[in-house]
Structures are given as structure tokens and as C-alpha cells.
Amino acid sequence: MVDYKLILASNSPRRRELLAGLGIPFEVRVLSDIDESFPADLPVSKTALYIASKKAEAYKDYISDNELIITADTVVIVNHEILGKPIDEADAIRMLHKLSGRTHQVTTGVCMLTATQERRFDVTTDVTFKTLTDDEIQYYVSHYKPFDKAGAYGIQEWIGYIGVTGLHGSYYNVMGLPVQRIYEFLNQL
């Protein structure tokens, strides 16, 4: 399918699992200390693509002619506020209370970079949660410890099973990588 050696530039086990699902060989390559900051006045809907592009920029000096690097960033947005990764249990509980009983957006920005070209896109999925009880939130946070997940949840975990009442868009995007769109882009190369 692809004349390039695929490189996934991510430490995320979920992104590795999702990309592996396409049945295309790839390797993981991660640079440390990539700046993931963004301008305060950047629209929240553009943040994921901005950060994914910034990650791709960091790899430009390390790419060979036969390589294609995939970078991605996922953000959870509720009421025009970005919910990043929680810093501790209290922060995770606070985030889940914000998502409870509401529809929010999960946006993943993706950059696909070769030595001669760069393609960028983002995908947004609407996710609706039922009103979660305090006990449900506490159980999830204490048992699943979602401190490495934007918005403090993984849709593929217990909280997704019991809490998600609606989904409009890509399920895999909510997990962290819109693999269907990546597949389409790879087929166009």
C-alpha cells in the first residue's frame, strides 16, 4: 500500500494498537521534550491540529527519504474549554463532573510527514455522557486511573460502557487516532 517506512511518533499504547489494526507494518519513534504549548488566543477547535503540526515540525530534521512519520494530538472540548490530561485524582474527578450529562467534542489532529510533503487534517467526534453519579466517577477514577487520557476518560473502558449514551463520528478518533482517515490518506500516496 505504501512505498514508505511508516513511523508512529507517539508513546500512546492506544495509538499503537489502532495503527496496528490497519495491518500495515510500522515502528514507533519518539523524541523527548517536544513543546506542546499553544497560543492562548488559538480557537479550541484548532488546538489539536496545531499541536500535531508542532510535533511533526520536531521530526523534520530526523526523517529519511523513504519514511513517513505520523504525529497526532487529541483534545477533549466541553463548553469551549480544553480538558487535557488530569494532574491527579481530584482533577480527573473535576473533569468527569464537567462531562457528566453533556455532549462534548473530541478532536484529533494528525500530520503525515515525508521528506518532501506534509498532509494535515483533524477529525471531531461528538460524545454524549449520561449524568454520572459521584460513585460512578469515583469508582472509575480509583480503578482505572485515567491520568494519561485527555478529559480523564477512555471510551473503551468501563466509563464508556456505562456512561456514553451517544456518539456522532469516529469511535476510534475518541480513542486517539482516526484510523479510517489515515487509511484513506495512505491510499492516496
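So, a few notes on the structure that sits alongside this text. (Residues numbered from 1 in each chain as written. Predicted model: local features only at pLDDT ≥ 70, side-chain atom pairs only at ≥ 80, totals over all residues. Heavy atoms only, no water.)

1. Some thoughts on the overall build of the chain
Along its length, the chain carries seven helices and seven strands. Each helix (α) and strand (β) of the chain, taken in turn from the N terminus, gives the series β-α-β-α-β-β-α-β-β-α-α-β-α-α. Seen through its principal axes, the chain has C-alpha atoms that stretch 55 × 35 × 25 Å. Taking the intrachain contacts of the chain between residues at least 6 apart in sequence as the baseline, contacts between residues at least 24 apart amount to 66%. When the accessible surface of the chain is summed, it comes to about 9,300 Å², and 48% of that surface belongs to carbon and sulfur atoms. Between the centroid of the 19 positive side chains of the chain and the centroid of its 25 negative side chains there is a distance of 1 Å. (Helix = DSSP H or I, 4+ residues; strand = E, 2+ residues; numbered from the N terminus. Contact = heavy atoms within 4.5 Å. Areas by Shrake-Rupley, 256 points an atom, 1.4 Å probe, with all protein chains shown as cover. Lys, Arg positive; Asp, Glu negative; His and termini not counted. Charge placed at Lys NZ, Arg CZ, Asp CG, Glu CD.)

2. Some points on the packing of helix H3 (residues 89-99) against helix H4 (residues 134-144)
At a minimum axis distance of 10 Å, the contact between H3 and H4 shows a crossing angle of 135°. Looking at the two axes, H3 sits oblique to H4. Judged by the twist between their axes, the crossing of H3 over H4 is right-handed. In this structure, H3 contributes Glu 89, Ala 92, Ile 93, Leu 96 and His 97 to the contact, and H4 contributes Asp 134, Ile 137, Gln 138, Tyr 140 and Val 141. Here the contact of H3 with H4 is built from residues that sort into six nonpolar, two polar and two charged. (Axes fitted to C-alpha atoms, helices over the stretch in contact; angles between N-to-C directions. Parallel < 35°, antiparallel > 145°, perpendicular 65-115°, else oblique. Left-handed = near helix turned anticlockwise from the far one by under 90°. Nonpolar A, V, L, I, M, F, W, Y, C, P; charged D, E, K, R; others polar.)

3. Describing the pattern of salt bridges
Counted according to the given criterion, the structure contains 15 salt bridges. Linking Lys 60 and Glu 118 is a salt bridge whose minimum nitrogen-to-oxygen distance equals 3.4 Å. Linking Lys 60 in the loop between helix H2 (47-59) and strand E3 (67-78) with Glu 118 in strand E6 (residues 118-129), this pair joins segments that are 58 residues apart in sequence. Among the ionic contacts, a cluster of salt bridges with common partners joins Lys 5, Glu 27, Arg 29 and Glu 67. (Salt bridge = Lys/Arg side-chain N within 4 Å of Asp/Glu carboxyl O.)

4. Description of empty space enclosed by the protein
Following the criterion strictly, the structure yields one cavity of 30 Å³ or more and no others. Of the voids in this model, the largest cavity is the one considered here, and its volume is about 50 Å³. Taken together, Leu 68, Met 112, Leu 113, Thr 114, Gln 117, Arg 119, Phe 185 and Leu 189 form the lining of the largest cavity. (1 Å grid on protein atoms, 1.4 Å probe; cavity = no way out; pocket = protein on both sides within 12 Å on 5 of 7 lines; lining within 4 Å. Points joined across faces, edges and corners; volume = space filled by probe spheres on them.)

By themselves, these are just geometric observations and shouldn't be taken as functional.
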